[in-house]
Amino acid sequence: MPAKNTVFAPAVLDSLSALVVVLDARGHMVYVNRSLADMTGYAPQELEGQPYRELLPAEDAPQVRRILDALSETGGPERTEGRILCRNGSERLVEWTMTLLPEGGTGSPLVVGTGTDVTLRTAIRRALEENEARFSVALESSGDGIWDWDIASDTVLLLGPLGRALLGSEEETITISAAAWLRHIHPEDALRAREAVRRHLDGETDVYGAEFRVTSQSGAVRWLRDRGRVAVRNASGAPLRVIGTAVDITERKEAELALLRSEQRYRTLYDAVSGGVVVQNNEGVIVEANATACDILGYDRETMLGTTSASPIWETVHEDGAPFPPDEHPAMQALRTGEPVRGVIMGVRHPGTGDFRWLVINAQPIPSAEGDRIEAAMATFVDITAQKLLEERLDALSAVDDLTKLYNRRGFFRAAEQLFELAGRQNRPLFLALVDVDGMKHINDTRGHQAGDEALVVTAELLRKTFRKADLIARFGGDEFIVLGMETGTPLEDASERLANNLAAHNAPLPPEQRLSLSMGITSCREEPLCSIDRLITEADARMYAEKDAKKRRRR
């Protein structure tokens, strides 16, 4: 760093979340701030004094050299995007802004680079692009739309019919400001919609959901059912991006209002509405069902009439797969309490396909003519099965490693919770193994990153061969893999031996320089049926590094 402000300037730069590097005229790093050091896994003093090329893939170095040469002519700023190599062999994608300082205290110019890690943002964008074709077919057939709210830029990306309906555009994707999107929400519904968003962003709800009216540019008013979830948070947990779906429920809403206004209109519209309508009398017996309800539920009207929520033909579940008790069905609640029930999500087994049809149900109690008792309850519902499938696809994008097709770290911890619960119910011990690719940085440096990627893919296949299908296998990060499963009574050493045999079979036809080396640490919970995942990881990690150290001693 320049002599001027030698104490203050580094302290300020080290407090920034942005990545900062200062290069001298030779292209050597004379200063690296704490954010850049933490991202790469090196200490600042390990990088300072080294050529900038040490942090770049070989094929990217010429591009950076050209930018540095251009800076000597223009002074900057010059902007570029490039890869950074980390100590563990992984790569991060960074957007850089490079600026030339006239002198660095010694009379020679300095180059200051400030950067932002865009690895995650780029991965999400690419994943969404790769799935856009499949999503567009589902969107067009379902009539639903997807929205993607970038909180940092305060913009909303609209995909599918949603943008066309509101803005009258023929484009498949439309980007508008969040303020412009909010202006389309009906004034009477805006406060309620904003509150639902706030509660989700603050972590009070797992999923954001709201029903509200929107006004299109043509002046038409439509009802939307909006659902979404925070997809990306920063290191401190603040939300950065929210992705969700919207479905037009105008016909259902208009039908509900019409049905409540008069018996005559109810009879006229009953079989004409696009949503399902089922009426149950005060004993819970189904006495009416419209044609749409029959289509959605898979039974003809004669079969449905006379049944109750508890009849064997109805198999219903909550969103998490737990059974939905018959007396908690929305119509039964409305009969019991005399109060409307709104926005209940329920899965109903379809007799034709065997799959669950996912419904959003509202139930309204119907008073007697005298008003002294509840005579029946009317349930109206729409089929959101296509919307649920879209949500599951979006969720899967954030849980699977794109290279190895194994779970990623996020997907592993989510699945591990379920495996821990199952082990507790069955009173069975668990085992956990950590597996690391030895010399990953050497592979990348000497044979290229494609060879490094191939080593990770081969490791994933070896683990699939070594462990059972029921075991949970994931890429834990960089060149490290993790396996969690329930013990079967065989010694843990058997797994180590199987991995060694599979690895030897893979290496046998290869020259020495292309052979793969893996280190594994494995442990289990033998004293208690359930134990901490952190404890298992810590013990397995220690054993894995003990094996690495033993290999190093044998090579000396």
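Residues numbered from 1 in each chain as written. Predicted model: local features only at pLDDT ≥ 70, side-chain atom pairs only at ≥ 80, totals over all residues. Heavy atoms only, no water.

Q: Mind laying out the overall build of the protein, listing which residues take part and the relevant values?
A: Check the secondary structure of the protein and you find 20 helices and 21 strands. For the protein, buried positions account for 47% of its 556 residues. Of the contacts made within the protein by residues no fewer than 6 positions apart, 51% connect residues no fewer than 24 positions apart. On the protein, roughly 28500 Å² of surface is accessible, and the fraction owed to carbon and sulfur atoms is 52%. (Helix = DSSP H or I, 4+ residues; strand = E, 2+ residues; numbered from the N terminus. Buried < 20%, exposed > 50% of the residue type's maximum accessible area, 1.4 Å probe, protein only. Contact = heavy atoms within 4.5 Å. Areas by Shrake-Rupley, 256 points an atom, 1.4 Å probe, with all protein chains shown as cover.)

Q: How would you sum up the layout of surface pockets? Please name residues and give values.
A: Roughly 810 Å³ of volume is contained in the second largest pocket. Within the lining of the second largest pocket, the residues separate by chemical class into ten nonpolar, six polar and six charged. (1 Å grid on protein atoms, 1.4 Å probe; cavity = no way out; pocket = protein on both sides within 12 Å on 5 of 7 lines; lining within 4 Å. Points joined across faces, edges and corners; volume = space filled by probe spheres on them. Nonpolar A, V, L, I, M, F, W, Y, C, P; charged D, E, K, R; others polar.)

Q: A description of the nonpolar core should follow, citing residues and the corresponding values.
A: Core analysis: the largest hydrophobic core is formed by 25 residues, its most contacted members being V437, F467, F481 and L518. For this core, the elements supplying multiple residues, two or more each, are β18 (430-437), α17 (440-447), α18 (449-466), β20 (480-486), α19 (492-507) and β21 (518-524). V437 has contacts with I443, L456, T459, D479, F481, L516, S517, L518 and K548, leaving out every residue within four places of it along the chain. (Core = buried A, V, L, I, M, F, W, Y, C linked by side-chain atoms within 4.5 Å.)

Q: Explain the packing of α18 against α19 to me, using residue names and the numbers behind them.
A: As a packed pair, α18 and α19 sit with axes 9 Å apart at the nearest point and diverge in direction by 130°. Classified by the angle between their axes, α18 and α19 sit oblique to one another. Between α18 and α19 lies a crossing whose hand is right-handed. Within the contact between the two elements, α18 uses V458, L462, L463, K465 and T466 and α19 uses A495, R498, L499, N502, L503 and H506. Of the residues belonging to the contact of α18 with α19, the class tally is six nonpolar, three polar and two charged. (Axes fitted to C-alpha atoms, helices over the stretch in contact; angles between N-to-C directions. Parallel < 35°, antiparallel > 145°, perpendicular 65-115°, else oblique. Left-handed = near helix turned anticlockwise from the far one by under 90°.)

Q: Kindly report on the side chain of H350, identifying the contributing residues and their values.
A: Summarising the element assignment, H350 is placed in the loop between β15 (341-349) and β16 (356-367). Among the polar contacts listed, one links the side chain of H350 to the backbone nitrogen of T353, at a separation of 3.4 Å. In this view, H350 contacts D295, I296, L297, G298, D355 and R357; residues no more than four positions away in its chain are not counted. (Polar contact = N/O pair within 3.5 Å; in protein donor to acceptor, adjacent residues only side chain to side chain.)

Q: Outline helix α9 (residues 187-201), supporting the account with residue identities and numerical values.
A: Taking 1.5 Å per residue, 15 residues should reach 21 Å; α9 reaches 22 Å between its end C-alpha atoms and fits that length. Those residues of α9 that fall on the buried side of the exposure criterion are D189, A190, A193, A196 and H200. Axial view of α9: buried residues confined to an arc of 135°, hence all on one face. In this structure, α9 carries P187 and L191 as exposed residues pointing more than 90 degrees from its buried face. Looking at the buried side of α9, the elements it contacts are β9 (208-215) and β10 (221-233). After α9 finishes, the residue G203 shows a positive phi value of roughly 85°. (Expected span 1.5 Å × (residues − 1). Arc of directions from axis to C-beta.)

Q: Can you explain the pattern of salt bridges? Please cite residues and give values.
A: Following the criterion strictly, the structure yields 34 salt bridges and no others. R468 is the salt-bridge partner of D471, the closest N and O atoms lying 2.6 Å from each other. Sharing partners across several salt bridges, the network here consists of E195, R198, R199, D202 and E204. (Salt bridge = Lys/Arg side-chain N within 4 Å of Asp/Glu carboxyl O.)

Q: Mind laying out the sheet that holds β9, listing which residues take part and the relevant values?
A: Across the sheet, six strands lie side by side as β8-β7-β6-β11-β10-β9; this open sheet has antiparallel pairing. The sheet is open, and its two edges are formed by β8 (173-177) and β9, each paired on a single side. The average undirected angle you get between the axes of adjacent strands in this sheet is 25°. Here β9 runs beside β10; their pairing, made up of eight bridges, is antiparallel. What sits directly across from Y208, in β10, is G228. Running over the sheet, α9 touches β6 (145-150), β9, β10 and β11 (239-248) and is turned about 155° from β9. (Pairing = 2+ DSSP bridges.)

Q: Tell me what's going on with the packing of aromatic side chains, and back it up with residues and numbers.
A: For the coordinates displayed, the defined rule picks out seven aromatic pairs. When the centroid spacing of 6.0 Å and the interplanar angle of 15° are considered together, the rings of F431 and F467 count as stacked. Here F431 is found in strand β18, whereas its partner F467 is found in the loop between α18 and β19 (472-477), with 36 residues between them in sequence. Residues F431 and F467 agree in their burial class; the two are buried. (Phe/Tyr/Trp six-rings, centres within 6.5 Å; stacked < 30°, edge-to-face > 60°.)

Q: An account of a positive patch on the surface is requested, with residue identities and associated values reported.
A: A grouping of K552, R553, R554 and R555 is seen on the molecular surface, where their side chains present a positively charged patch. Mapped onto the elements of the fold, K552 is located in helix α20 (residues 533-555). (Patch = residues over 30% accessible without salt bridge, like charges linked within 9 Å, V, L, I, M, F, W, Y side chains within 5 Å. Lys, Arg positive; Asp, Glu negative; His and termini not counted. Charge placed at Lys NZ, Arg CZ, Asp CG, Glu CD.)

Q: Can you lay out unusual backbone geometry for me, pointing to particular residues and giving the numbers?
A: Positive phi, normally seen in glycine, also occurs at D154, with a value near 55°. By the secondary structure assignment, D154 is in the loop between β6 and β7 (155-159). Overall, the relative accessible area of 36% leaves D154 in the partly exposed class. For K405, which is not glycine, the phi torsion reads 65° and is therefore positive. Along the chain, K405 turns up in the loop between α15 (385-397) and α16 (409-426).

Q: How would you summarise the sheet that holds strand β5 (residues 110-117) if you had to cite specific residues and measurements?
A: The strand order across the open sheet formed by five strands is β2-β1-β5-β4-β3, and the pairing between neighbours is antiparallel. The strands lining the two open edges of the sheet, one partner per strand, are β2 (29-32) and β3 (78-85). Sheet twist, expressed as the mean angle between neighbouring strand axes with direction ignored, is 30°. The pairing of strand β4 (residues 91-101) with β5 spans eight bridges and is classified as antiparallel. By the bridge assignment for β5, V94 is matched with D117.

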